[in-house]
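Below, each chain spelled out in residue letters.
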Amino acid sequence: MIDLLRIISSPLVVFYYLAIKLRNYLFDKGIFKTERVNAKVISVGNITVGGSGKTPAVLYLAELMKRNGIKTGILSRGYRRQTSGYLLVSDGKKIFSTVDDCGDEMYFVSTETNLPTAVSENRVDGCKRIIEETGVEAIILDDAFQHRWIHRDIDIVIIDQRFLNKTGKKEQRLLPLGNMREPFDSLKRADIIILNRKFLDDYNVPHSLKHYFEKKPVFRAYYDVEGIYDVKTHKKYSFEDFKGQKSLIVCGVAKPHSFLNVLEKNEIDFTNKMLFPDHKNYTLKEVQAIRKQFYDTNAYSVLTTQKDAVKLTKYSKELDDIDIYYLKISLIIEDSDKFDRMIIDKIKYNPTHNN
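Criteria and cut-off values
- Residues numbered from 1 in each chain as written.
- Predicted model: local features only at pLDDT ≥ 70, side-chain atom pairs only at ≥ 80, totals over all residues.
- Heavy atoms only, no water.
- Helix = DSSP H or I, 4+ residues; strand = E, 2+ residues; numbered from the N terminus.
- Rg over C-alpha atoms; globule rule 2.2 N^0.38 Å.
- Buried < 20%, exposed > 50% of the residue type's maximum accessible area, 1.4 Å probe, protein only.
- Areas by Shrake-Rupley, 256 points an atom, 1.4 Å probe, with all protein chains shown as cover.
- Lys, Arg positive; Asp, Glu negative; His and termini not counted.
- Charge placed at Lys NZ, Arg CZ, Asp CG, Glu CD.
- Pairing = 2+ DSSP bridges.
- Axes fitted to C-alpha atoms, helices over the stretch in contact; angles between N-to-C directions.
- Parallel < 35°, antiparallel > 145°, perpendicular 65-115°, else oblique.
- Left-handed = near helix turned anticlockwise from the far one by under 90°.
- Contact = heavy atoms within 4.5 Å.
- Nonpolar A, V, L, I, M, F, W, Y, C, P; charged D, E, K, R; others polar.
- Polar contact = N/O pair within 3.5 Å; in protein donor to acceptor, adjacent residues only side chain to side chain.
- 1 Å grid on protein atoms, 1.4 Å probe; cavity = no way out; pocket = protein on both sides within 12 Å on 5 of 7 lines; lining within 4 Å.
- Points joined across faces, edges and corners; volume = space filled by probe spheres on them.
- Core = buried A, V, L, I, M, F, W, Y, C linked by side-chain atoms within 4.5 Å.

1. Comments concerning the overall build of the chain
Item 1. Broken down by element type, the chain carries 11 helices and 13 strands.
Item 2. Scaling as 2.2 N^0.38, a compact globule of 355 residues should have a C-alpha radius of gyration of about 20 Å, and the chain matches this with 21 Å.
Item 3. Dimensions of the chain, computed from C-alpha atoms along their principal axes, come out at roughly 60 × 50 × 40 Å.
Item 4. Taken across its 355 residues, the chain has 53% of its residues classed as buried.
Item 5. For the chain, the computed accessible surface area is about 16,900 Å², with 51% contributed by carbon and sulfur atoms.
Item 6. Side chains of the chain give 56 positive and 48 negative charges; the mean places of these two sets differ by 5 Å.

Written as structure tokens, this is what we have:
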């Protein structure tokens, strides 16, 4: 059905392309003005819709900044949240929001980083307010490559390496026909490009796309599994503990292929699964469906992603009799010493007020 709608709307690609070109031209020529804020700004974004690995990259940067003693906040628009406007999610010590009010990604990031976090559709206003309320010196902007109204000191673009291999396929067409927010030539705005192979083997960038990456610092990255954790007790387990057991796999992310792939590589049976759309806001109806399939299939446990686990915890009462575990992953950047130096040199050794 989705493919049919994309084909029907494909004539709109031309208008979308022209709108992007005009908008970027107006920014490039200074007709549309970017605004500076009183903090260093790192943008993490992509040129495709969903599933490139922005959240793990944000977590990586958050930890990098903490290690270097830089007081940092994180700002996102709060995709699919049930509120609007600016909302301080956490001051770094206490979380003030629910997952519904701030969105699954920002709630997850807040619990993982213990840094000041906020959501706001207006990134300029959001940055100003989180600076005023928490006194941060630097801000990591989640999903902001296309949000050019705010000045950024570092523009990082992360790309799913598997996506690059789809040359000639509709995925590499602009919206609404394909999955691209912007054409490849927009990568000229990026300061750093991360190619994320996730759990797959490494491979080269297709020859037809190589020129887009020339003269840019390009880093390769992949996912590493930190372990499998019990949602209730947070006790850590290994894949060995789940081999030979029948689990119900529950997943609501943009591209579940990587999640299922790592389960397969570690000999976890994932034939019994329930796949939901990205950023799925679970309702009681879906929770009851999960309960039904769990008991109908005599599953040993529910195994899910960390972002899904965050949303399922609000149904702890309904799922109290079911053991739920989540896969915790982290982003590993190859040549991380060079990457880290590039970030810190730009942020730490350039005065904020002289951006």
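Now that the structure has been shown, we can carry on.
2. Observations concerning the pairing of strand S1 (residues 40-45)
Item 1. Counting buried residues in S1 gives six out of six residues, a clear majority hidden from the surface.
Item 2. Of the pairings in the sheet, the one linking S1 to strand S5 (residues 138-142) comprises five bridges and is parallel in character. Residue pairing for S5: Val-41 is matched across the bridge by Ile-139.
Item 3. Judged from the four bridges that link them, S1 and strand S6 (residues 154-160) form a sheet pairing that is parallel. Along S6, the bridge assignment pairs Val-44 with Ile-156.

3. Notes on the packing of helix H3 (residues 54-67) against helix H5 (residues 104-113)
Packed helices, taken two at a time, are described by their axes: the angle between them and the distance between them.
Item 1. Running from N to C, H3 and H5 cross one another at 30°; their axes reach a closest spacing of 11 Å. In this view, H3 runs roughly parallel relative to H5, as classed from their interaxial angle. Like other packed secondary-structure pairs, H3 and H5 cross with a definite hand, here right-handed. Contacts between H3 and H5 involve Thr-55, Val-58, Leu-59, Ala-62 and Lys-66 from the former and Glu-105, Phe-108, Val-109, Glu-112 and Thr-113 from the latter.
Item 2. Class assignment of the residues belonging to the contact of H3 with H5 gives a composition of five nonpolar, two polar and three charged.

4. Re the environment of Ser-52
Item 1. The residue Ser-52 is located in the loop between S1 and H3 in this model.
Item 2. Classification of Ser-52 as buried rests on a relative accessible area of 1%.
Item 3. Through-space distance from the C-alpha of Ser-52 to that of Ile-158 is 6.3 Å; in sequence the pair is 106 residues apart.
Item 4. Here the side chain of Ser-52 touches Asn-46 through a polar contact of 3.0 Å, side chain to side chain.

5. Considerations on the layout of surface pockets
Item 1. For the largest pocket, the calculated volume is near 780 Å³.
Item 2. Forming the boundary of the largest pocket are 35 residues, of which Gly-51, Glu-105, Val-253, Asp-278 and Lys-307 lie nearest the centre.
Item 3. Only H3, H5, helix H8 (257-265), helix H10 (306-312) and strand S13 (324-333) provide two or more residues apiece to the lining of the largest pocket.
Item 4. Of all the elements, H3 adds the most residues to the lining of the largest pocket, at four residues.
Item 5. Classifying every residue of the lining of the largest pocket by side-chain character gives 13 nonpolar, 10 polar and 12 charged.

6. Some points on the environment of Arg-152
Item 1. Mapped onto the secondary structure, Arg-152 falls in the loop between S5 and S6.
Item 2. If we ignore the near neighbours within four places in the chain, the residues touching Arg-152 are Val-41, Ser-43, Ala-144, Phe-145 and His-147.
Item 3. Within the local environment of Arg-152, its side chain forms a polar contact with the side chain of Ser-43, the two groups lying 3.4 Å apart.
Item 4. Polar contacts involving the side chain of Arg-152 include one to the main-chain carbonyl oxygen of His-147, which spans 2.4 Å.

7. With respect to H8
Each full turn of the α-helix corresponds to 3.6 residues, which orients residues three or four apart in the same direction.
Item 1. Along H8, the residues that are buried comprise Ser-258, Phe-259, Leu-260, Asn-261, Val-262 and Leu-263.
Item 2. Packing partners of the buried residues in H8 comprise strand S8 (218-230), strand S10 (247-251), strand S11 (273-275), strand S12 (301-305) and S13.
Item 3. Taken from the residues just after H8, Glu-267 is the one with a positive phi, measuring 60°.

8. Regarding the nonpolar core
Item 1. Grouped together as the largest cluster of nonpolar side chains are 53 residues, with contacts concentrated most on Leu-61, Ile-156, Leu-263, Phe-339 and Ile-343.
Item 2. Counting residues per element, this core draws most heavily on H3, which supplies eight residues.
Item 3. Setting aside anything within four residues of it in sequence, one finds Ile-156 in contact with Ile-42, Ser-43, Val-44, Gly-45, Leu-61, Ile-192, Ile-194, Phe-339 and Ile-343.

9. Focus on the side chain of Asp-143
Item 1. As for its position among the elements, Asp-143 is in the loop between S5 and S6.
Item 2. Overall, Asp-143 belongs to the buried group, its relative accessible area being 12%.
Item 3. There is a polar contact of 2.6 Å between the side chain of Asp-143 and the side chain of Arg-181.

10. Some details on the packing of H3 against helix H11 (residues 336-348)
Item 1. Where H3 contacts H11, the axes come no closer than 11 Å and their chain directions differ by 65°. By the angle between their axes, H3 is roughly perpendicular relative to H11. Between H3 and H11 lies a crossing of right-handed hand. Residue-level inspection shows Tyr-60, Leu-61, Leu-64, Met-65 and Arg-67 of H3 in contact with H11, the latter providing Ser-336, Phe-339, Asp-340, Ile-343, Ile-344 and Ile-347.

11. Quick word on the environment of Arg-162
Item 1. Mapped onto the secondary structure, Arg-162 falls in helix H7 (residues 161-164).
Item 2. Spatially, the C-alpha atoms of Arg-162 and Asp-202 are 9.4 Å apart, while their sequence positions differ by 40 residues.
Item 3. Residues in contact with Arg-162, not counting those within four places in the same chain, are Leu-200, Tyr-203 and His-257.

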